[in-house]
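Structural characterization, general
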Amino acid sequence: MKASELRAKDVAGLEKEVSDLLKAHFGLRMQKATQQLTNHQQLRNTRRDIARAKTILAQKQKEGAAK
């Protein structure tokens, strides 16, 4: 997911996105634990997407609090 796509969302949309990404990451970790995961790059990408979404969410919340 690109940062520009995340910046277009509002705070509620970003919170939902973070929640969805955390669920997806959990599923990937369970697949890895049971040796069903074939593409380990997905774990890295999901982790980075979570960080990206949380960063933009924090920026938007700080921006909203400053107003």
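An account of the accompanying structure is given in this report. In this text the structure is predicted, and so the values were computed from the model without any measurement. (Residues numbered from 1 in each chain as written. Predicted model: local features only at pLDDT ≥ 70, side-chain atom pairs only at ≥ 80, totals over all residues. Heavy atoms only, no water.)

**Let's talk about the nonpolar core**
Ranked by size, the top nonpolar core spans eight residues in total: Leu 6, Leu 14, Val 18, Leu 21, Ile 50, Ala 53, Ile 56 and Leu 57. Breaking this core down by element, the ones donating at least two residues are α2 (11-33) and α3 (41-66). In terms of residue count, the dominant contributor to this core is α3 (four residues). The residues touching Leu 21, leaving out its near neighbours within four places in the chain, are Thr 46, Asp 49, Ile 50 and Ala 53. (Core = buried A, V, L, I, M, F, W, Y, C linked by side-chain atoms within 4.5 Å. Buried < 20%, exposed > 50% of the residue type's maximum accessible area, 1.4 Å probe, protein only. Helix = DSSP H or I, 4+ residues; strand = E, 2+ residues; numbered from the N terminus. Contact = heavy atoms within 4.5 Å.)

**Description of α3**
Here α3 contains 26 residues, and its C-alpha end-to-end distance of 38 Å stays within 8% of the 38 Å for a straight helix at 1.5 Å per residue. Every buried residue of α3 is listed here: Leu 43, Thr 46, Asp 49, Ile 50, Ala 53, Ile 56 and Leu 57. For α3, the secondary structure elements touched by its buried residues are α1 (3-7) and α2. (Expected span 1.5 Å × (residues − 1).)

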